[in-house]
Amino acid sequence: MRRFFTIVLAFTFFTVSAQNPTLSSSEIYQNIKKLNVLGSVLYIAAHPDDENTLMLSYLSKDQMVRTGYLSLTRGDGGQNLIGAEQGYNIGVIRTQELLGARRIDGAQQFFSRAYDFGFSKTRDETLHFWDAKKVQGDVVWLIRKFRPDVIITRFPPDPRAGHGHHQTSAYLAEEGFKLAADPNAYPDQLKFVKPWQAKRLVWNTYTPGFTNSKPMEEKAPFIPVEIGGYNAVLGKSYTEIAAESRSQHKSQGFGSAPQRGFRMDFLLHKAGVPARETVFDDIDLTWKRVKGGEKVQALVTNAIKNFSVAKPSASIPDLLKINAELNKLDTSDIYVKTKKEEIAELIVQCAGLWFESNPTDFSAVAGDSVDLNITLVKRSDYLVKLVSLRWFGQFSKPLATVAIPPNQLDVYKAKSKLPADMPISQPYWLERPIDKGVFQIEKQQDIGFPENRPRTVTEFTFEIDGQRFTFARPWIFKYTDPAEGEIYRPFEIRPAVTTTIAEPVYIFASAEPKTVTMVVEAQKSKVSGILKPQIPAGWKSVPESVNFSLINKYEQQYFSFIITPPINNQEVSLKAVAIVNGATFDKSIRTIAYRHIPSQTIFPVSEAKLAKIDVKTTAKNIGYIAGAGDDVPTALRQMDCQVTMLNANGLSKDLSVFDAIVVGVRAYNTEDYLTNYQGKLMDYVKNGGTMVVQYTIPGQKVKEIGPYKIELGRERVTEEDAEMRFLQPDSPILNYPNKITKQDFEGWIQERGLYFAQDWDKQNYKALFSANDESESAKEGSLLYAQYGKGHYIYTGLSFFRELPAGVTGAYRLFANMISVGKK
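Residues numbered from 1 in each chain as written. Predicted model: local features only at pLDDT ≥ 70, side-chain atom pairs only at ≥ 80, totals over all residues. Heavy atoms only, no water.

A. Structural context of helix α7 (residues 238–246). With respect to burial, α7 is a largely interior element, seven of its nine residues being buried. Buried residues in α7 make contact with α2 (53–61), α3 (88–105), β8 (230–231) and β9 (236–237). (Buried < 20%, exposed > 50% of the residue type's maximum accessible area, 1.4 Å probe, protein only. Helix = DSSP H or I, 4+ residues; strand = E, 2+ residues; numbered from the N terminus. Contact = heavy atoms within 4.5 Å.)

B. Focus on the packing of aromatic side chains. Under the criterion given, the structure shown has 31 aromatic pairs. Consider the rings of F222 and F266, whose centres lie 5.6 Å apart with planes at 75°: the pair is edge-to-face. With F222 in strand β7 (residues 222–226) and F266 in strand β10 (residues 264–272), this residue pair connects regions lying 44 residues apart in the sequence. In this structure F266 comes out as buried when scored by relative accessible area, which is 14%. Judged by centre distance (5.4 Å) and plane angle (85°), the ring pair of Y428 and W429 falls under edge-to-face. One exposure class covers both Y428 and W429, and it is buried. An aromatic cluster of at least three residues, connected via ring pairs, comprises F726, F745, W748, F769, F800 and F815. Stacked on the ring of F146, the Lys or Arg R66 has its end atom at 4.0 Å from the ring centre. (Phe/Tyr/Trp six-rings, centres within 6.5 Å; stacked < 30°, edge-to-face > 60°. Lys NZ or Arg CZ within 6 Å of the ring centre and 35° of its normal.)

C. Looking closely at the nonpolar core. The biggest cluster of nonpolar side chains holds 82 residues, and the ones touching the most others in it are I625, L636, L681, Y793, Y795, F815 and I819. No other element matches helix α16 (residues 809–820), which puts seven residues into this core. Not counting residues within four places of it along the chain, the set of residues in contact with I819 comprises T617, A619, I622, L636, C641, D659, A660, V662, T690 and V692. (Core = buried A, V, L, I, M, F, W, Y, C linked by side-chain atoms within 4.5 Å.)

D. Main features of the pairing of β7. Side chains I223 and V225 project from β7 onto a buried face, and the interleaved F222, P224 and E226 project onto a face without burial. Relative to β10, β7 runs antiparallel, the two sharing five bridges. Bridge assignment links V225 to a residue of β10, and that residue is D265. (Pairing = 2+ DSSP bridges.)

E. Structural view of the pattern of salt bridges. Per the stated rule, a full pass over the model turns up 44 salt bridges. Residues R595 and E484 are paired through a salt bridge, measuring 2.8 Å at the closest nitrogen-oxygen approach. With R595 in the loop between β32 (590–592) and β33 (600–602) and E484 in the loop between β20 (476–481) and β21 (485–490), this pair connects stretches of sequence that are 111 residues apart. With relative accessibility at 41%, the residue E484 sits in the partly exposed group. (Salt bridge = Lys/Arg side-chain N within 4 Å of Asp/Glu carboxyl O.)

In structure tokens:
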């Protein structure tokens, strides 16, 4: 039976957590046991997937301490195995993957403001790129805010860690361990937090005295920790929980199988008071650490003893007694505050309460009215009263205290008007441009949160045996997919209209004009205005502007503009601006949707790069074998190439029609069908074709990816401005149809390249470039060229997959030469 009520509500702001899932009786029991543990650990590393999910699972679910993971970055510089997103876009994906992992292993997730700029080889390089003072301050802030008893680093602060970000994460953690306790360090933070001294800092090493092949021996004491145990209450071992958690990192290809059985890890002492037997030596994990908390300890012990698996609601009186006792203590104490929150959620679970707030659409515009369905059900016989529902400061007067009937779904219909000045749902760390390697976050209190705290919420106030509890739940849209079932999607606040330019880069190889397509999308009904391309003087747009009129919400209109470049070579920015009732809108819209994460919508500035450059290509018909996701095919089309995407079916046909075949990044790692067609591809080259293979990670599915021996490695050049020395200046790849010079390597982003060849048949392959990072030896495996039969074969680790979508003009010229080498 459903009961329907109608309420009209207004608006304000709340900080909330999302709807918690329904817990089983065993999970409720586990969480009641956790009420008697008052310890905390903060784990610190550099990236999503750096964390030891097994250690986090063990700490959270075996030791039952409050556990957090601070990832300095969101992984913005990583590769993407599931799509073409790069930069902050992949950072958005990896943020959600981390949150999915934390929901499984039980830890909390935090971030600093640091932007992942890609692989770094040294700590000095990393600290030079980042605003070191700000990132160090973020570590101090989160230590002071989380107040851990123990800090654990994943890496050492030196070259044994490999990646410069890894080294830096440990260095900043060790410095933060000291600075967090110093009231003279970052004093502005003390308006919101107090100095904090953790008991100790340890390094979660791999083996005792781990050296990683470096001449550095650790002589500090280490603690062995057996973390592979089985939790009979949860019905899983910690290795099983950890594997499920780690498998959330799908964009990195980190699906993991559990390694059941004994597993020993090691914690090496780095700072503070050395531990003798366990990492919690000399740390009181009981209620004795809170003044007046001894009675709480006894009450929790009694609740554990009395718990009924068959009837969790029988524990509610015990939980209410604990809550009443907590109210007598200092509620500013972090453990009192945390345990009160845990108690409240346990009461919800024991009472079988389910409540949520669902708008009837997944987005709205500031100033609009939103229709809501508020659902509530109590799946137990315990008496719970609904006192009030509150939308943004106003009580729902018709709901005077009423008893909630058992197992009866109540549906409340509501309407809420959003304020006209409400900001859009842009991820808070993307609201301002990146500066000095960090995201610009205005408010100190916002630093560390993994995602936006929902502004659109509903408050539910319940009364249980005379005690009142208020819970805030965000508005979440839900729908039913015929294949997947019920799907939740975050509620979004959007601009009234968005404009999107079809491509991120437009290459003009001559003075001939090109057509640029712009899409206007209404985010509310009945939107009309003017769409205008904004381009610098010297460039011409026909027409200069157009009128648009959109009747329905989400309706789109496509407009074509003929853009003519100037005579001289230059690179400029094109913006798509909509003017509606005198207001200017310059945001595009991009929704990132994958099955393993909630849909994420971001609103970048609507702009594209226009580049008038001297680039020629004689190859026009290109076959492209997609790999782990890149936008190189789009770049090829910008050079007026016709691109045919080739899968197993395409490769089974006549390949001689292609001037060149390009293999996408990591295709030899991800595409099984290539094992069946490698011979045919080599015959294509032998008979006169040109084949370009982009970087491949060692362990490829095809043993020999070229006509002659190539041994792939992990060498890379991370300094994007590293000198490129020409080893074969007369090579056709450096001369036809474009003359490649040092100038073509200016303006590259993030890196020169990665996964270079480390050994090859030097009789048949010619290395074209030599490059290296500062203080390193020269590396020559970035681009290898061989003639094979009548054709041409190229392997390259140069990061064209980054440079071409970013509009790096020299990368276009060099890539044009590679695909044209057979059409001279």
